[in-house]
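# Descriptive analysis of the structure
Residue-level listing of the chains:
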Amino acid sequence: MKSYRKELWFNIPSRRGFVNITSDIEKCLKESGIKEGLLLCNAMHITASVFINDDEAGLHKDFEKWLEKLAPEKPYSQYMHNGFEDNADAHLKRTIMGREVVVAVTDGKLDLGPWEQIFYGEFDGMRNKRVLLKIIGE
Amino acid sequence: MKSYRKELWFNIPSRRGFVNITSDIEKCLKESGIKEGLLLCNAMHITASVFINDDEAGLHKDFEKWLEKLAPEKPYSQYMHNGFEDNADAHLKRTIMGREVVVAVTDGKLDLGPWEQIFYGEFDGMRNKRVLLKIIGE
Amino acid sequence: MKSYRKELWFNIPSRRGFVNITSDIEKCLKESGIKEGLLLCNAMHITASVFINDDEAGLHKDFEKWLEKLAPEKPYSQYMHNGFEDNADAHLKRTIMGREVVVAVTDGKLDLGPWEQIFYGEFDGMRNKRVLLKIIGE
């Protein structure tokens, strides 16, 4: 069994944003030399997500509006977590979007459906944050 | 290390629906010959889910009503994604229900709790769609 | 390839509650002797969760309030599942929080970010319930 580990770093210049990281992950998979196995990709921070969906700008605006409806950022005082912090909503939004994805590796490639793209989702940005990539297989 | 890959195909005759796929997955696991490992089962489409919950018809109706409350299908015009499409709500509903499950394989069997059943969740049906099964182990 | 399996048991003395299980999982990982691989930790019950977030009491109260807003416990009669049961809301809450986490194992340790802690989330407590831990690797 082979294993491969890599950290990807982000510093999103706004509080919230989505970044398509599919091609970064493809490069790492190639570097790993693993042909058959499972790939885990997870946010290492609890106010960020890794998720799979469509790379369509309208949908991303829908996600932003929808997450604000389900877990509004303001007023900050509505959340008990917001004593020294102001990011309680980011913890809730990331819960909706998910921490991680597990993707099959087949024949040395990400075994994704036709429209599946992997995103980093930031909900408390303007700081350095990491995504972990771990691949195991042969 | 052994690995096994299979696609399961669905064409749900309505926009939304849930299908219990536990026994299909059990057959694939048997076919794989893998006794100890991890099984990934994911929707390959971004308007569908694979999730684990109870096989109880009342609960499935509760899910339908609840998802419509959290991410209503109509009016279509409320979503920016719905220019050429009408399925933005399906992307949001699937986000709530999740893309994938990872299940332990122990002694050649799905290592599930007493009421855990695996479902395909369709949110934009009436077309051919796929689920990916990938098992790694020994 | 090595594999390791363990069940963790809980009996939460209230309907809902969160328990930090990170150190229990670390002990199991040490016991497994696995140095590189993937660790799956999932609720074996469909009204409970395993999730990763911050160990901060204010945030946990925010989660409780937020989940009650998104999927209220009462009135019980609002859910079709609640014929002989009263726990439909627990199925929905657990769907938001997730069934499972997959964590990388690197150098014999849980490969977590600085604030990542693993929790058992109970939404229908006062009974014995289980979490499954499965680790594969070398």
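Up top you'll find the structure we're talking about.
Residues numbered from 1 in each chain as written. Chains lettered and ligands numbered in written order. Predicted model: local features only at pLDDT ≥ 70, side-chain atom pairs only at ≥ 80, totals over all residues. Heavy atoms only, no water.

### A look at the overall build of chain A
Within chain A, the regular secondary structure consists of three helices and eight strands. Along the first, second and third principal axes, the C-alpha set of chain A runs to 50 × 30 × 20 Å. Looking at chain A residue by residue over its 138 residues, the buried ones come to 62%. Approximately 5400 Å² of chain A is accessible, and the part contributed by carbon and sulfur atoms is 52%. Charged side chains in chain A number 20 positive and 22 negative. The centres of these two groups are separated by 4 Å. (Helix = DSSP H or I, 4+ residues; strand = E, 2+ residues; numbered from the N terminus. Buried < 20%, exposed > 50% of the residue type's maximum accessible area, 1.4 Å probe, protein only. Areas by Shrake-Rupley, 256 points an atom, 1.4 Å probe, with all protein chains shown as cover. Lys, Arg positive; Asp, Glu negative; His and termini not counted. Charge placed at Lys NZ, Arg CZ, Asp CG, Glu CD.)

### Re the sheet that holds strand β7 (residues 117–122) of chain C
Residue and element names in this part refer to chain C. What the three strands build is an open sheet, ordered β2-β7-β4; its pairing is antiparallel. Strand pairing shows two members of the sheet lacking a second neighbour, β2 (17–20) and β4 (48–53), which therefore form its edges. Averaged over all pairs of adjacent strands, the angle between their axes in this sheet comes to 30°, without regard to strand direction. Strand direction decides the pairing type here: β2 and β7, joined by four bridges, are antiparallel. When the bridges of β7 are listed, Phe18 appears paired with Gly121. (Pairing = 2+ DSSP bridges. Axes fitted to C-alpha atoms, helices over the stretch in contact; angles between N-to-C directions.)

### Regarding the pattern of salt bridges
Residues and elements named next belong to chain C. This structure, assessed with the given rule, holds 54 salt bridges over all chains. Of the charged contacts in the structure, one is a salt bridge between Arg16 and Glu64, with a shortest N-O distance of 2.9 Å. Here Arg16 is found in the loop between β1 (2–10) and β2, whereas its partner Glu64 is found in helix α2 (residues 57–70), with 48 residues between them in sequence. A salt bridge links Arg16 to Glu73; the nearest nitrogen and oxygen atoms lie 3.1 Å apart. Of this pair, Arg16 sits in the loop between β1 and β2 while Glu73 sits in the loop between α2 and α3 (88–97), and the two are 57 residues apart along the sequence. (Salt bridge = Lys/Arg side-chain N within 4 Å of Asp/Glu carboxyl O.)

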